[in-house]
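# Fold and geometry: a report
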Amino acid sequence: QKEVEQNSGPLSVPEGAIASLNCTYSDRGSQSFFWYRQYSGKSPELIMFIYSNGDKEDGRFTAQLNKASQYVSLLIRDSQPSDSATYLCAVNAASKIIFGSGTRLSIRP
Amino acid sequence: SAVISQKPSRDICQRGTSLTIQCQVDSQVTMMFWYRQQPGQSLTLIATANQGSEATYESGFVIDKFPISRPNLTFSTLTVSNMSPEDSSIYLCSVVGTSGSSDTQYFGPGTRLTVL
């Protein structure tokens, strides 16, 4: 079992809708969870981090964490074409950050 | 967040040669890492660059192939030795910085390496 799992996509969402990206992780001791956005040909850019169970909102982005279910998600409201990118989930485990394989998101006009 | 620069941004190299990639950070950081991202793949941690001691390599990566230097808290180099086409990848330097009260990880712009 991979340590951090994501659906590779592509996930296609119409402009203005909510995009929902999901991630599961295997290490129950993980304490920190991150979402990165990566445009093609660019390096990953941190967009959200979350440490506590529940929701954390930042603008159009909401990260959700459920440690009991070992599940973290990212919601993007009012999706824009500029949100089209690969979204990487990352988990801090044993002092290292482990990345998922990423979900490719496409926002269609 | 820390500002990270890498040189070169890209290079095309011949099989059997070596390339050294530089990573410079605008502030002192304790934790510095090197990652590889092969085409269409996610990030794979190569090693943790330790200041004043040998780097800590992940499974599947060895010092002879990827020697790393970390002479101070703002600079590191990664060398890709005896290159083959399988080494074609993006190589990323990353540091741990503090955002608010929490540690988060930031990435440099990457070095795109093509081996012919």
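Heads up: the structure comes first, above all this text.
This section reports on the structure supplied with the text.

A few words now on the sheet that holds strand S7 (residues 61–66) of chain A. Residues and elements named next belong to chain A. With respect to topology, five strands assemble into an open sheet ordered S1-S3-S8-S7-S6, the strand pairing being antiparallel. At either margin of the open sheet sits one strand with a lone partner, and together these are strand S1 (4–6) and strand S6 (54–58). Across the sheet, the mean angle from the axis of one strand to that of its neighbour is 20°, orientation sign disregarded. In this sheet, strand S3 (residues 19–25) lies alongside S1 in antiparallel orientation, the contact comprising three bridges. Among the inter-strand pairings, Glu5 is bridged to a residue of S3, identified as Thr24.

Attention now goes to the pairing of strand S8 (residues 71–76) of chain A. All names here are of chain A. Here S3 pairs with S8 via six bridges, running antiparallel. Of the residues in S8, the one forming a bridge with Ala19 is Ile76. Relative to S8, S7 is paired through six bridges, and the arrangement is antiparallel. Bridged to Thr62 within S8 is Leu75. Connecting the antiparallel pair S7 and S8 is a turn made up of four residues, with Gln70 showing a positive phi of about 55°.

Looking now at the pairing of strand S10 (residues 96–99) of chain A. Residue and element names in this part refer to chain A. Residue alternation in S10 divides its side chains into a buried set, Ile97 and Phe99, and an unburied set, Lys96 and Ile98. By the bridge criterion, four bridges tie strand S9 (residues 85–93) to S10 in an arrangement that is antiparallel. When the sheet's bridge partners are listed, Val91 is paired in S10 with Ile98.

A few words on the side chain of Ser73(A). Secondary-structure assignment places Ser73(A) in strand S8. If we skip the residues at most four places from it in the chain, Ser73(A) touches Leu21(A), Asn22(A), Trp35(A), Thr62(A), Ala63(A) and Gln64(A).

Using the criterion set out here, one finds two disulfides over all chains in the structure. The disulfide bridge from Cys23(A) ends at Cys89(A), spanning 2.0 Å between sulfur atoms. In this structure the cystine formed by Cys23(A) and Cys89(A) twists about its S-S bond by roughly -75°; its chirality is therefore left-handed. Taken together, the residues Cys23(A) in strand S3 and Cys89(A) in strand S9 connect sequence positions 66 residues apart. Just as Cys23(A) is buried, Cys89(A) falls in that class too. Shown here is the disulfide that connects Cys23(B) with Cys93(B), its sulfur atoms set 1.9 Å apart.

Rules of the game
Along every chain, residues carry numbers that run from 1 in the direction the sequence is written. Each chain takes a letter, starting from A, and each ligand takes a number, starting from 1, following the order in which they are written. Totals for whole chains, interfaces and linings use all residues, but because this is a predicted model, local features are given only for residues with pLDDT of at least 70 and pairs of side-chain atoms are given and counted only at 80 or more. Hydrogens and waters are ignored; side-chain quantities use all the structure's heavy atoms. Being paired, for any two strands, means DSSP has found at least two bridges between them. A helix here means a DSSP run of H or I that spans at least four residues, while a strand means a run of E at least two residues long, and both kinds are numbered starting from the N terminus. For helices, the axis comes from a line fit to the C-alpha atoms of the stretch in contact; other axes are also lines fit to C-alpha atoms, and the angle between any two N-to-C directions lies between 0 and 180 degrees. Burial classes: relative accessible area under 20% of the type maximum marks a residue as buried, over 50% as exposed, and values in between as partly exposed (1.4 Å probe, protein chains only). Should any heavy atoms of two residues lie within 4.5 Å, those residues are counted as being in contact. When the sulfur atoms of two cysteines come within 2.5 Å, that pair is taken as a disulfide.

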